[in-house]
Amino acid sequence: MKGIWKPSALVSALSITTTYRPPGVERPYDDVIHERDGLLRYKWNGTERNESTNRSLRSAMHASVPLIWFFGVGKGIFRPEFPVFVVGEEEDRQQFILDPSRSVNSPQSKEGVEELPRRYRMIETRQRLFQGVFRGIVMRAYGDHCAVCGLQQSRLLDAAHILPDSDKDGIASVTNGIALCKLHHSAFDVGILGIRPDLVVQVQPRIMHERGGPMLRYGFQEVHGKKISVPSATAERPRPDFLERSFLRFTELGEVA
Ligand SMILES: [Zn+2]
């Protein structure tokens, strides 16, 4: 279901909406980033070119009106992104081209979408738009808890990638994410803490044998061997093959330490 909102007094649309679909029901959000130009695609409402909301988006394109994009991060939960500009249309594919990397004040050049190198634009789009959406989805799915220790301080929580952004499979999908507190996120990234495909936490042996204060004991030694908490919806749990690859790296890091 598409949501394009245009108040009746205006010619151009003000906002667009993408509702959340759990993994498996729809492709991950990453897929709306176009391979060729790093810009986003947004489907027409229906198949009629001159349907009224499609016309209002076209009007926003001609007038360079910034739009708000409401991204669903859960059932009935949305994260707003602003500004997003309609910079083109692909009529044969019945979709608009959207650019979230332009600022409101930067005039659109004559070259339009060719202005930025593709690679740069893809990185920019991923960071600017999808990291926020990714975080929103992961936090909602994990109920704002660290999956390892249960800490519930949202400012101290991150949406960690199981496979990093730089990996070809490092998609910004909830199945490649885990909510972790800052401490456990860093420990996961540097390979001090690993998560097995069966969701059991493993801590490097050298840390298990260390002596130290409460952070070492409660934060690491006592979480070793425990299962992480995962979302109740099966489709939103970490993908075992992603965990397997990530855990392989953890074991390799242990060998070289
Ligand atoms: Zn934690």
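As shown above, the structure is provided for reference.
Residues numbered from 1 in each chain as written. Predicted model: local features only at pLDDT ≥ 70, side-chain atom pairs only at ≥ 80, totals over all residues. Heavy atoms only, no water.

A. Layout of helix α1 (residues 52-62). Of all eleven residues in α1, eight are buried, a share of seventy percent or more. Listed as buried for α1 are Thr53, Asn54, Ser56, Leu57, Arg58, Ser59, Ala60 and Met61. (Buried < 20%, exposed > 50% of the residue type's maximum accessible area, 1.4 Å probe, protein only. Helix = DSSP H or I, 4+ residues; strand = E, 2+ residues; numbered from the N terminus.)

B. Expanded view of the coordination of the zinc ion. Taken together, the protein donors to the zinc ion comprise Cys146 (SG), Cys149 (SG), Cys181 (SG) and His184 (ND1), at separations of 2.2 to 2.4 Å. Here the zinc ion binds four donor atoms, and the angle range of 96 to 120° at the metal identifies the geometry as tetrahedral. Mapping the donors of the zinc ion onto the primary sequence gives the spacing C-x2-C-x31-C-x2-H. Among the residues examined, Cys149 registers a relative accessible area of 41% and is labelled partly exposed. (Donors = N, O, S within 2.8 Å, 3.2 Å for Na, K, Ca; no water. Tetrahedral: all angles 85-135°; square planar, octahedral: opposite > 155°, others 65-115°.)

C. Expanded view of helix α3 (residues 182-190). Among the residues of α3, His184, His185, Ala187 and Phe188 are the ones counted as buried. Angularly, the buried residues of α3 cover 165° about the axis, an arc narrow enough to put them on a single face. Positive phi shows up at Gly191, right after α3, with a value of about 85°. (Arc of directions from axis to C-beta.)

D. A look at the nonpolar core. Ranked by size, the top nonpolar core spans 55 residues in total, and within it Leu57, Ile178 and Leu193 carry the most contacts. Top contributing element to this core by residue count: helix α2 (residues 118-141), with seven residues. Both domains that furnish three or more residues to this core are identified here as domain 1 (2-139) and domain 2 (144-256). Apart from residues lying up to four places away in sequence, Ile178 is in contact with Val138, Tyr142, Ala147, Asp158, Ala159, Ala160, Ile162, Ile195, Ile228, Pro238 and Leu243. (Core = buried A, V, L, I, M, F, W, Y, C linked by side-chain atoms within 4.5 Å. Domains from an automatic or database assignment. Contact = heavy atoms within 4.5 Å.)

E. A look at unusual backbone geometry. Geometrically, the link from Phe82 to Pro83 is a cis peptide bond, its omega value of -5° lying close to zero. Note that Pro83 resides in strand β5 (residues 77-90). Phi at Gln94 takes a positive value of approximately 55°, unusual for a residue other than glycine. For Gln94, the location among the structural elements is in the loop between β5 and β6 (95-99). Located in the positive-phi region is Asp144, a residue other than glycine, with phi close to 55°. On the secondary structure map, Asp144 appears in the loop between α2 and β7 (157-161). Residue Asp144 is classed as partly exposed on the basis of its relative accessible area, which comes to 32%.

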